[in-house]
Amino acid sequence: MNYHILTLFPEMVLNGLHTSIIGRAAEKGLLSIEAIDIREYSTDKHRHVDDYPYGGGAGMVMQPMPICEAYDDLCGKIGKKPRVIYMTPQGRVFNQKIAEELAQEEDLVFLCGHYEGIDERALELIATDYLSIGDYVLTGGELPAMVMIDCISRLIPGVLNNDTSAEFESFHDNLLEYPQYTRPEEYRGLRVPDILLSGHHKNIETWRREQSIKRTLERRPDLLADASLSKKEAEYLKKLENE
């Protein structure tokens, strides 16, 4: 996976992403992270990349030329036109299924807007996906890009020390993850459930699935409509709903 981030603040994304698990994955060559400074493609001697909006209004708008020139230069270097994701509250809300889809790509471009947004012509020319991390407004697209890159990267083979971690966690089968415990067995009067100490793997697996169903019902019941449940698990859910 090769990430290309079109941004006005390359240090921000590089410093954030070259740490922890994602940073180690980059060091191992499992993924690459490139921050492309949009200002480098400004023809203005002061490196301006924004201007007042036509028709009036508050704030400034990012100009199309530096963005499109940066993208064209990237396409020339990698020999193709990769998918371009524009972070905007107007886009689809990013979720695990979208992450799984994007993880299949070889190259992804993240376009980070600022100010009052980006000239619509740049978006019409290069943007392929409009994504949001929630119904709220941030000062720029860098944080959403970092969130998405972190999520997508965890799905790339080898990035996690234990690849099954990405498979059996929150949103697997559209269910929230079951509760986790570690040592000590008792802390402030609270004990680890006996089933987890039993060593009976089949019973532990059943307990974890039931806990996932129960937690999803309590915290995110909207997910259950598309949950993948066995007949026995569906009966367990129905029993919980009737309690």
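If you're wondering where the values come from, they're calculated on a predicted model, not measured in any experiment. (Residues numbered from 1 in each chain as written. Predicted model: local features only at pLDDT ≥ 70, side-chain atom pairs only at ≥ 80, totals over all residues. Heavy atoms only, no water.)

## So, the overall build of the chain
Part 1 of the reasoning: A tally of helices and strands in the chain yields 10 helices and 9 strands.
Part 2 of the reasoning: The C-alpha atoms of the chain give 22 Å as radius of gyration, which overshoots the globular expectation for 243 residues (18 Å, by more than 25%).
Part 3 of the reasoning: On the principal axes, the C-alpha backbone points of the chain span a range of 70 × 40 × 40 Å.
Part 4 of the reasoning: Relative to its full complement of 243 residues, the chain shows a buried share of 42%.
Part 5 of the reasoning: Of the roughly 14,500 Å² that the chain leaves accessible, carbon and sulfur atoms contribute 48%.
Part 6 of the reasoning: Averaging the locations of the 27 positively and 41 negatively charged side chains of the chain gives two centres separated by 8 Å. (Helix = DSSP H or I, 4+ residues; strand = E, 2+ residues; numbered from the N terminus. Rg over C-alpha atoms; globule rule 2.2 N^0.38 Å. Buried < 20%, exposed > 50% of the residue type's maximum accessible area, 1.4 Å probe, protein only. Areas by Shrake-Rupley, 256 points an atom, 1.4 Å probe, with all protein chains shown as cover. Lys, Arg positive; Asp, Glu negative; His and termini not counted. Charge placed at Lys NZ, Arg CZ, Asp CG, Glu CD.)

## Section: a nonpolar patch on the surface
Part 1 of the reasoning: Among the surface-exposed residues, Phe9, Met12, Tyr136, Leu138 and Leu143 lie close enough to one another that they form a single nonpolar patch of about 440 Å² accessible area.
Part 2 of the reasoning: Examined against the element boundaries, tyrosine 136 turns out to sit in the loop between strand S7 (129–132) and helix H6 (142–153). (Patch = residues over 30% accessible without salt bridge, like charges linked within 9 Å, V, L, I, M, F, W, Y side chains within 5 Å. Salt bridge = Lys/Arg side-chain N within 4 Å of Asp/Glu carboxyl O.)

## A few points about the pattern of salt bridges
Side-chain pairs of opposite charge can arise whenever the charged atoms involved come near each other.
Part 1 of the reasoning: Summed over the entire model, instances satisfying the criterion amount to 15 salt bridges.
Part 2 of the reasoning: Measuring nitrogen to oxygen at the nearest pair gives 3.9 Å for the salt bridge that ties arginine 92 to aspartate 129. Placement of arginine 92 in strand S5 (residues 83–93) and of aspartate 129 in strand S7 is noted, with a sequence separation of 37 residues between them.
Part 3 of the reasoning: Classification of aspartate 129 as buried rests on a relative accessible area of 8%.

## Quick notes on the pairing of strand S1 (residues 2–7)
Part 1 of the reasoning: Burial of S1 is extensive: 5 of the 6 residues sit out of reach of the surface.
Part 2 of the reasoning: Pairing between S1 and strand S2 (residues 32–37): 6 bridges, direction parallel. Of the residues in S2, the one forming a bridge with tyrosine 3 is isoleucine 33.
Part 3 of the reasoning: Across 5 bridges, the pairing between S1 and strand S6 (residues 107–111) is parallel. Of the residues in S6, the one forming a bridge with histidine 4 is valine 109. (Pairing = 2+ DSSP bridges.)

## Details of the sheet that holds S6
Part 1 of the reasoning: Ordered by their spatial adjacency, 5 strands build an open sheet running S2-S1-S6-S5-S7, and the pairing between neighbours is parallel. The sheet is open, and its two borders are formed by S2 and S7, each paired with just one other strand. Strand-to-strand, the axes of this sheet are offset by a mean angle of 35°, without reference to chain direction.
Part 2 of the reasoning: Two elements, S5 and S6, share 4 bridges in a ladder whose sense is parallel. (Axes fitted to C-alpha atoms, helices over the stretch in contact; angles between N-to-C directions.)

## Comments concerning the packing of helix H9 (residues 201–219) against helix H10 (residues 231–242)
Part 1 of the reasoning: In the contact formed by H9 and H10, the axes pass within 10 Å of each other and the chain directions differ by 40°. The angle between the axes of H9 and H10 places the two elements in the oblique class. Seen along the crossing, H9 lies across H10 with a hand that is right-handed. Judged by residue contacts, Arg209, Glu210, Ile213, Lys214 and Leu217 of H9 engage Glu233, Tyr236, Leu237, Leu240 and Glu241 from H10. (Parallel < 35°, antiparallel > 145°, perpendicular 65-115°, else oblique. Left-handed = near helix turned anticlockwise from the far one by under 90°. Contact = heavy atoms within 4.5 Å.)

## Digging into the UniProt feature "binding site: S-adenosyl-L-methionine" (unreviewed entry) in the chain
Part 1 of the reasoning: According to UniProt, the positions carrying the feature "binding site: S-adenosyl-L-methionine" (unreviewed entry) are Gly113, Ile133, Gly134, Asp135, Tyr136, Val137 and Leu138.
Part 2 of the reasoning: Following the sequence through the fold, aspartate 135 ends up in the loop between S7 and H6.
Part 3 of the reasoning: Classification of aspartate 135 as exposed rests on a relative accessible area of 71%.
Part 4 of the reasoning: The topology assignment puts valine 137 in the loop between S7 and H6. (UniProt positions renumbered as here; feature names shortened; annotations may be inferred.)

## Observations regarding the packing of helix H1 (residues 10–17) against H6
Part 1 of the reasoning: Orientation of H1 relative to H6, taken along the N-to-C sense of each, is 30°, at an axis distance of 10 Å. With respect to H6, the element H1 is oriented roughly parallel. For the crossing formed where H1 meets H6, the hand is right-handed. Contact with H1, carried on its side by Met12, Val13, Gly16 and Leu17, involves Glu142, Leu143, Met146 and Ile149 of H6 and no other residues of that element.
Part 2 of the reasoning: Classifying every residue of the contact of H1 with H6 by side-chain character gives 6 nonpolar, 1 polar and 1 charged. (Nonpolar A, V, L, I, M, F, W, Y, C, P; charged D, E, K, R; others polar.)

## A closer look at the nonpolar core
Part 1 of the reasoning: Among the nonpolar cores identified, the biggest contains 29 residues, and Tyr3, Leu31, Phe94, Phe110 and Ile152 are the most heavily contacted of them.
Part 2 of the reasoning: Of all the secondary structure elements, the ones that give two or more residues to this core are S1, H1, helix H2 (20–27), S5, helix H4 (96–102), S6 and H6.
Part 3 of the reasoning: It is H6 that provides the largest number of residues to this core, a total of 6 residues.
Part 4 of the reasoning: Once residues within four sequence positions are removed from consideration, phenylalanine 110 is found in contact with Tyr3, His4, Ile5, Leu6, Ile85, Met87, Ala145, Met148, Ile149 and Ile152.
Part 5 of the reasoning: Counting residues in hydrophobic clusters, the runner-up holds 21 residues, among them Leu6, Val49, Leu74 and Ile126. (Core = buried A, V, L, I, M, F, W, Y, C linked by side-chain atoms within 4.5 Å.)

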